[in-house]
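Reading the structure
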Amino acid sequence: MPRILFASIQTMNTEKTSWTSSNCTYLLVVEKGIAESEFTQLLGKCKKDDYYNVRQAVNWVIGNVSCDKATRTPKYACGKNSRCVDDTTRPTEGYRCNCSPGYQGNPYLPNGCQDINECASQKGKHSCPNDARCINTPGSFLCEPNDAKHMLTIQLSLGVVAAVTFVILIAVCLWLRKRLQKREEKKAKQKFFKRNGGLLLRQRIPFSKESNGSSLLKLFFKEELEKATDNFSESRILGKGGAGTVYKGMLSDGSIVAVKKSNKMEEDQIEQFINEILILSQINHRHIVKVLGCCLEIEVPLLVYEYISNGTLSSHIHGNLSHNSDPTVSKPSTMILSWDHRLRIAAEVAGALSYMHSCASTPILHRDIKSSNILLDDTFRAVISDFGLSRLLSVDKTHLTTLVGGTFGYMDPQYFRSGKLNDKCDVYAFGVVLAELLTSQRVVSSNIIEDPGLVKRFTLLLKQNLIFEILDTKIIKDLEDEKVILAVAKLANRCLNSNARRRPGMKEVAAELDQLRKRGQDIPHDECFQDNISPRSESSYSCKSYCTEEDNQNSVSHD
């Protein structure tokens, strides 16, 4: 109960049973020192059923301990949702209980203090504006706007937060996926690099990281060649063959290249690929295709060559312009090769083979000389390509015993029977190319079932002095000196001798073709093999039949 309270006093019937001295008596508990004026209304004669108001005081507390001590005792009197109030008027301490703000009731009962619902009370219990909604909470209340705009704002905010969270989650997932893919790609690249002989090539060949025109080969990245060829687009295909497809590409520096993508390789084909790089890395000759680099971090290794623009010799002399067998070139023109062009091409190819056999530090046997492996640039300069079957022949050996390899019709019969490879095998194949240049006929005709082949027909007619019956009439009709073409035919016949020992060497063949060119044309000796062609390098083959000091300097030693 409160310390100060007001009490209503009603008269009691004491006339017969109360004090005999006064039949109208009151007993009050009042505050000490209260003035008598507070009780003047009680003086006088009692009136029945009369009411009087008077202020009373009851100064009481619970116990004689403070709130701090009381809360830690089991006899603490304050109930739930109440607070303890220390009494400061008495020296012996004590405390009282009041309901906490927002609650009302008896604080001395366990659940005596109940929450005041300000929202259900009369106006004035809460301070929410008229356009807000009052929400009751334990001991208090909240004012929440009630307009649709606010609700829409909340919904939009929640939507934006959800969308941003979703986008972040998607971005994180994509980042993780991309990172895992890069890790897997890196492992795959390392695996392919090792399988494709990358470790061996690094030991044998110095590589450059930039295609800056240096003599070093470059290890290209997969992405670099994909970009150069528009991801190996069909529109970039220069041609297809049994070994693979070659694409025209443009590197980041603007240079045009031919990118050879082999078909799926077996282990022996990978060895051919490595062998071709090893061979070409040792040659720097203007009539031998220049390899610029390779890519080994892909399932099928890629070779990057210089771009030769005018097709293969086969496509020009046989007219199969849309079926280039060596697609390191673009589709050539339809120009018919004159005899002067053919003789020059023969001399250039012979010079390149002579360099390989006699001037390289380690002799190189091409093993697959044929018209489809001889490329022509825009000035019809001849370039030998496709060194996949090539072999190095140590200077202390006369031959190699290998599995027979080459192209039917160009293959030396003696090598085919014995498996013994030497430089005369290339001489035989070159003789077949000479026969093609002279006759414009295919080595093997698929239209004639019993065709003995170009070589047998050519040698037989030459033996019968009927060689002009097989020569191409388009190239001999304007000849002033038929002795030159006849001399070339006899040279081809010597190259095609079935006995390898009786064949001339490529050094002798090159020298003889050089003399025939000078005989047929008034060409200064120091300008042979030039014909206004800008040399690719300083290692042009000398017209002389012996190796010059310049040839030896431009041959990279094989360790």
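Residues numbered from 1 in each chain as written. Predicted model: local features only at pLDDT ≥ 70, side-chain atom pairs only at ≥ 80, totals over all residues. Heavy atoms only, no water.

Under an unreviewed UniProt entry, the name given to the chain is Wall-associated receptor kinase-like 11, and the organism recorded is Nicotiana sylvestris. UniProt lists a comment for the chain under the heading Function (unreviewed entry), and it reads "Serine/threonine-protein kinase that may function as a signaling receptor of extracellular matrix component. Binding to pectin may have significance in the control of cell expansion, morphogenesis and development." In the Subcellular location (unreviewed entry) part of its UniProt record, the chain is described as follows: "Membrane". (UniProt positions renumbered as here; feature names shortened; annotations may be inferred.)

What about the overall build of the chain?
A tally of helices and strands in the chain yields 14 helices and 21 strands. Counting the 559 residues in the chain, one finds 43% classified as buried. Contacts in the chain between residues far apart in sequence, at least 24 positions, make up 57% of those at least 6 positions apart. Accessible surface, the chain: about 32000 Å² in total, of which carbon and sulfur atoms supply 52%. (Helix = DSSP H or I, 4+ residues; strand = E, 2+ residues; numbered from the N terminus. Buried < 20%, exposed > 50% of the residue type's maximum accessible area, 1.4 Å probe, protein only. Contact = heavy atoms within 4.5 Å. Areas by Shrake-Rupley, 256 points an atom, 1.4 Å probe, with all protein chains shown as cover.)

Comments concerning the pairing of strand β4 (residues 95-99)
Burial of β4 is extensive: four of the five residues sit out of reach of the surface. Note: strand β3 (residues 82-86) against β4, five bridges, orientation antiparallel. Looking at β4, one finds that C84 is bridged to C97. (Pairing = 2+ DSSP bridges.)

Focus on a nonpolar patch on the surface
Judged by side-chain polarity, V160, V164, I168, V172, W175 and L176 come together as a nonpolar surface patch covering roughly 560 Å² of accessible area. Locating V172 in the fold gives a position in helix α2 (residues 148-195). Since its relative accessible area comes to 41%, V172 is described here as partly exposed. (Patch = residues over 30% accessible without salt bridge, like charges linked within 9 Å, V, L, I, M, F, W, Y side chains within 5 Å. Salt bridge = Lys/Arg side-chain N within 4 Å of Asp/Glu carboxyl O.)

Points about the confidence of the model for the chain
Per-residue confidence for the chain gives a mean pLDDT of 78; residues scoring 70 or more make up 72%. Ignoring residues within four places in sequence, the model shows residues 523-546, a span with pLDDT below 50, making 64 contacts including any to other chains. Contacts from residues 552-559, a stretch scored under 50 in pLDDT, to residues over four places away or in other chains number 22 contacts. (pLDDT = per-residue confidence, 0-100.)

Points about the packing of aromatic side chains
The tally for this structure, following the rule as stated, stands at two aromatic pairs. Ring geometry for Y76 against Y95: centres 5.9 Å apart, planes inclined by 25 degrees, an arrangement best described as stacked. On the criterion of sequence distance, the pair formed by Y76 in the loop between α1 (67-70) and β3 and Y95 in strand β4 is long-range, its members being 19 residues apart. Assessed through its relative accessible area of 24%, Y76 is described here as partly exposed. Residues F232 and Y247 carry aromatic rings whose centres are separated by 5.2 Å and whose planes lie at 70 degrees to one another, so their mutual orientation is edge-to-face. One end of the pair, F232, is in the loop between α4 (222-228) and β11 (237-240); the other, Y247, is in strand β12 (residues 244-250), with 15 residues separating them in the sequence. Take F232 and Y247: they sit in the same class, and that class is buried. The ring of F232 is capped by K261, whose NZ or CZ atom sits 4.5 Å from the centre of that ring. (Phe/Tyr/Trp six-rings, centres within 6.5 Å; stacked < 30°, edge-to-face > 60°. Lys NZ or Arg CZ within 6 Å of the ring centre and 35° of its normal.)

Some points on unusual backbone geometry
Although it is not a glycine, D230 sits at a positive phi angle of roughly 55 degrees. In this structure, D230 sits in the loop between α4 and β11. A positive phi is found at N465, a non-glycine position, where the angle reads about 60 degrees. As for its position among the elements, N465 is in the loop between α10 (454-463) and α11 (473-476). Using a relative accessible area of 70% as the deciding quantity, one classes N465 as exposed.

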